[in-house]
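Coordinate inspection notes
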Amino acid sequence: MKPILRKYHGEDVFWYVRRFLQEVFLLNNRLEHSWHVARWEYLRWHMIENCHICGPLEEVTSIWETPDGQIAAVVNPIEPDEAFIHIHPQFRTADLEAEVITHAEQTFHTTYPDGHRRLYVPVDEDDLFRKNVLTQLGYDGRGHSGWEHYHDLTLPLPEAPTPSGYTVRSMGDVDEHPTRSWASWQAFHPAEPVENYDNDWSWYTNLQRCPLYRRDLDVVAVTPEGEIAAFCTTLYDDATRSAVTKLVGTAAPHWRRGLGRVLQFECFRRLHRLGCRRVFAKANDETADLFYSSTMAQRYISETWFKDYK
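In this report, we go over the structure that sits alongside the text. If you're wondering where the values come from, they're calculated on a predicted model, not measured in any experiment.

On to the pattern of salt bridges. This model, assessed by the stated rule, comprises 20 salt bridges. With its nearest N and O atoms 2.6 Å apart, the salt bridge here joins Glu-97 to Arg-92. Its relative accessible area of 30% is what places Arg-92 among the partly exposed residues. One salt-bridge network, held together by shared partners, links Arg-92, Glu-97, Asp-127 and Arg-130.

So, on to the environment of Thr-250. If you trace the backbone, Thr-250 turns up in strand 11 (residues 242-250). For Thr-250 and Val-220, which are 30 residues apart along the polypeptide, the C-alpha to C-alpha distance reads 9.5 Å. Apart from the residues within four sequence positions on either side, Thr-250 is in contact with Ala-187, Ala-229, Ala-230, Trp-255, Leu-259 and Gly-260.

Let's shift gears to the side chain of Asn-206. Tracing the backbone shows Asn-206 in helix 7 (residues 202-207). According to the relative accessible area criterion, Asn-206 is buried, its value standing at 15%. Polar contacts involving the side chain of Asn-206 include one to the side chain of Asn-50, which spans 2.8 Å. Non-local contacts of Asn-206, meaning those with residues more than four positions away in its chain, are made with Trp-45, Glu-49 and Asn-50.

Remark: the centre distance and the inter-plane angle together describe each pair of aromatic rings, the angle taken between the planes. Evaluated as defined, the whole model comprises 14 aromatic pairs. Here a set of aromatic residues connected by ring pairs shows up, and it is made of Phe-14, Trp-15, Trp-40 and Trp-45. One cation-aromatic arrangement involves Arg-44 over Phe-14; the distance from NZ or CZ to the ring centre is 4.7 Å. Lying across the ring of Tyr-42, Lys-246 places its NZ or CZ 4.2 Å from the centre.

So, on to the state of the cysteines. If you walk through the whole model with that rule in mind, you get zero disulfides. As a non-bridged cysteine, Cys-267 has Cys-232 as the owner of its nearest cysteine sulfur, 3.7 Å distant. According to the relative accessible area criterion, Cys-267 is buried, its value standing at 0%.

As a packed pair, helix 1 (residues 12-27) and helix 2 (residues 37-48) sit with axes 9 Å apart at the nearest point and diverge in direction by 155 degrees. By the angle between their directions, the pair helix 1 and helix 2 is classed as roughly antiparallel. When helix 1 is examined against helix 2, the residues Phe-14, Val-17, Arg-18, Leu-21 and Gln-22 are found in contact with a partner set consisting of Val-37, Trp-40, Glu-41, Arg-44 and Trp-45. For the contact of helix 1 with helix 2, the per-class residue count stands at six nonpolar, one polar and three charged.

Rules behind the numbers
Residues numbered from 1 in each chain as written. Predicted model: local features only at pLDDT ≥ 70, side-chain atom pairs only at ≥ 80, totals over all residues. Heavy atoms only, no water. Salt bridge = Lys/Arg side-chain N within 4 Å of Asp/Glu carboxyl O. Buried < 20%, exposed > 50% of the residue type's maximum accessible area, 1.4 Å probe, protein only. Helix = DSSP H or I, 4+ residues; strand = E, 2+ residues; numbered from the N terminus. Contact = heavy atoms within 4.5 Å. Polar contact = N/O pair within 3.5 Å; in protein donor to acceptor, adjacent residues only side chain to side chain. Phe/Tyr/Trp six-rings, centres within 6.5 Å; stacked < 30°, edge-to-face > 60°. Lys NZ or Arg CZ within 6 Å of the ring centre and 35° of its normal. Disulfide = S-S within 2.5 Å. Axes fitted to C-alpha atoms, helices over the stretch in contact; angles between N-to-C directions. Parallel < 35°, antiparallel > 145°, perpendicular 65-115°, else oblique. Nonpolar A, V, L, I, M, F, W, Y, C, P; charged D, E, K, R; others polar.

Below you can see the structure in the form of structure tokens.
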């Protein structure tokens, strides 16, 4: 029977969808045709709680369910005008895809001053099925694109010696949150004046609330003075034996010393010892793409299609 749209509220929806994403990820041979569960956690505790991109996750997530209670599809925002669609391969049909996308048009979009609306929908470059549905619904494939990188940990890792003067170790306790937050600011806001830094590291406490977060996979490079110079935060799901690198950065005063590669490969070694098979990362700009291309063996393009409508 046709899956039915249900709007869920409350804490249970988070865990309900979380289990669904793990199941679909394994059915898709550990490829991200739907999100890795780490991205679901990161959306809730960082993009929503820290960046406030939308309302509470349970209020902006829609679920299509079979009569026997199995999830067939989920749609949620990535940005207020961008929707990510997760489809169970067993229930994937053109009709269901079209219904989910049409629902997203009504739920997530940007309205411009002239009254027209726009929605973005990501799609893998080789997903001809979804591209065909999007074309029929009037979407344009000339939106922006980004790289999806991944690396199988059965492959040998190159040596990456730690530069002199730095120590590589796991992230410390809460007393290190200020220097960790300052390192992040210097890494991702190098051109901004120092006075713009708000000295608030509560965002990092929120990030640590992700169920997959563990400090031994939050690796940092530290100076002799105890300053965090670089970081690599990876979320590992032992249920699917896979991981996602969410944050890699080097504070601007420590650039061009290879610290990012050192930390990435250290995370790879730790993940391998835990039984992890595959690691993912996403690059939305040239700098990130060049970095992950140097540390991960495989990549593919994620296109973002869009539609303007009234």
